[in-house]
Amino acid sequence: MNAKTAEAEINHGVTMFKKYRNLLSELTRKSIKLKYRNSWLGIFWSFLQPLLNMIVLSVVFGALLGRTGKGVICYPVFLFSGRMIYEFFVTSTKQAMTSFRRNAAIIKKVYVPKYMYPFSSILSTFVTTAISLLCYIMVWIFFKVTGINGGSGLTFTWHFFLLVIPMFVMLIFSTGVGMILSVLCVYFRDIEYIWDVLMRLLMYLLPIIYTLDRFTGSHAWIKTVIRVNPLYHIIQMFRQCVLTGEMISLTHLGYSLACAVVMLIVGAIIFNWKSDDLIFHL
């Protein structure tokens, strides 16, 4: 592919995105509405569910893991921080993975750039996560004001507002993974169940309920395994902003952003390679 061909394809892609951007908004709204359809509380669950999860996990793990560990400032908020990033990744990739199957009837009848379906699923999850973020801020303020569970140690600086950076990196990374999974799930339906198991395992392979300083001696190699995962660095960036009020580590940012961009490029290549063939397998 020469430079002119590549430029032409990019321009065509931009033109098509502008043409169908309103449809992307509608698909995003549809995903949000369907998620809470027939629910009494509706979208309020995006606010309530992470709060209830934090309370349950804090009660279960707080006594065991919440009193010690470097970087543990107010264990419920510490837990909430990691859990929110994890939930965004898991939910967005699952929604993207099944997006073609859920919209198969439309795809077979109407032409729409196919990336709209997984991308709208990821955006809808981003919106609900933004609502969860409001809950997070209220929880942060509560523990800071009351001082319960070490809440007085929470530090607010202007770096708090940099939390949008790890959220944006998370969006890029999830989009890349979601595009790959959306294609794989069309050809291999079992990937949906495999991914569910892997995500349950991921919960315990990330420092969400614990800190890395617990792995010492012969178990120190586990730290290296965990640090390979870009999600670890995204979680650490988020916690730097909201727990200690520190500047984001350039190491965390550089590594996680590089992984996110690479994953997005790989996802775009695979998606572009198989997008025209997907309809025959739905």
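Note that the coordinates shown come from a computational prediction; the quantities given were computed from them, not determined experimentally.

Right, let's talk about the nonpolar core for a bit. Counting residues in each nonpolar core, the largest one holds 64 residues, and the members touching the most others are V77, F89, Y136 and F238. For this core, the elements supplying multiple residues, two or more each, are α3 (45-65), α4 (75-97), α7 (116-146), α8 (164-187), α9 (191-205), α10 (221-228) and α11 (230-242). Looking at this core, the element that brings in the most residues is α4, giving 13 residues. Judged by nonpolar contacts, the second largest core, of 12 residues, contains L27, V183, F271 and L278.

Moving on: the pattern of salt bridges. As enumerated under the stated definition, the model contains 4 salt bridges in all. R83 is paired through a salt bridge with E87; the nearest N and O atoms lie 2.6 Å apart. Here R83 pairs with E87, and both are found in helix α4, just 4 residues apart, close to one helical turn. Among the residues examined, E87 registers a relative accessible area of 25% and is labelled partly exposed. Residues D196 and K94 are paired through a salt bridge, measuring 2.7 Å at the closest nitrogen-oxygen approach. Here D196 is found in helix α9, whereas its partner K94 is found in helix α4, with 102 residues between them in sequence. Residue classification places D196 among the partly exposed residues on the basis of a relative accessible area of 24%.

On to α7. Helical periodicity: at 3.6 residues per turn, an α-helix aligns residues three or four positions apart in one direction. Given a rise of 1.5 Å per residue, 31 residues ought to cover 45 Å, and the 45 Å separating the end C-alpha atoms of α7 matches this to within 8%. Once α7 finishes, G147 follows within two positions and takes phi at roughly 75°, a positive value.

Attention now goes to the confidence of the model for the protein chain. Per-residue pLDDT for the protein chain has a mean of 83; in total, 85% of the residues score no lower than 70. The weakest mean pLDDT in the protein chain belongs to helix α1 (residues 3-19) at 59; the strongest belongs to α11 at 94.

Evaluated as defined, the whole model comprises 2 cavities of 30 Å³ or more. The computed volume of the largest cavity comes to approximately 60 Å³. Looking at the largest cavity, the residues that line it are S31, I32, K35, T91, Q95, S124, T125 and T128. Contributing elements (two or more residues each) for the lining of the largest cavity: α2 (21-35), α4 and α7.

Cut-offs and rules
- Residue indices follow the written sequence of each chain, beginning from 1 at its first position.
- Restriction of local features to residues with pLDDT of at least 70 applies here, the model being predicted, together with a cutoff of 80 or more for giving and counting side-chain atom pairs; totals for whole chains, interfaces and linings are based on all residues.
- With hydrogens and water excluded, all non-hydrogen atoms of the structure serve as input to the side-chain values.
- Joining through side-chain atoms within 4.5 Å is the link that ties buried Ala, Val, Leu, Ile, Met, Phe, Trp, Tyr and Cys residues into a set, and such a set is a nonpolar core.
- Per-residue accessibility, obtained with a 1.4 Å probe over protein chains only, is compared with the maximum for each type, and a residue is labelled buried under 20%, exposed over 50%, and partly exposed between these values.
- The helix count covers DSSP runs of H or I at least four residues long, the strand count covers runs of E at least two residues long, and both are numbered beginning at the N terminus.
- For this analysis, a salt bridge means a side-chain nitrogen from Lys or Arg found within 4 Å of a carboxyl oxygen belonging to Asp or Glu.
- Take the number of residues in a helix, subtract one, and multiply by 1.5 Å to get its expected span.
- What pLDDT expresses is the predictor's confidence in each residue, scored from 0 to 100.
- Cavities and pockets were defined on a 1 Å grid built over protein atoms only: a cavity is a set of grid points that admits a 1.4 Å probe from which the probe cannot escape, a pocket is an open set flanked by protein on both sides within 12 Å along at least five of seven lines, and lining residues are those with an atom within 4 Å of any such point.
- Grid points are joined across faces, edges and corners, and a volume is the space filled by probe spheres set on the points.

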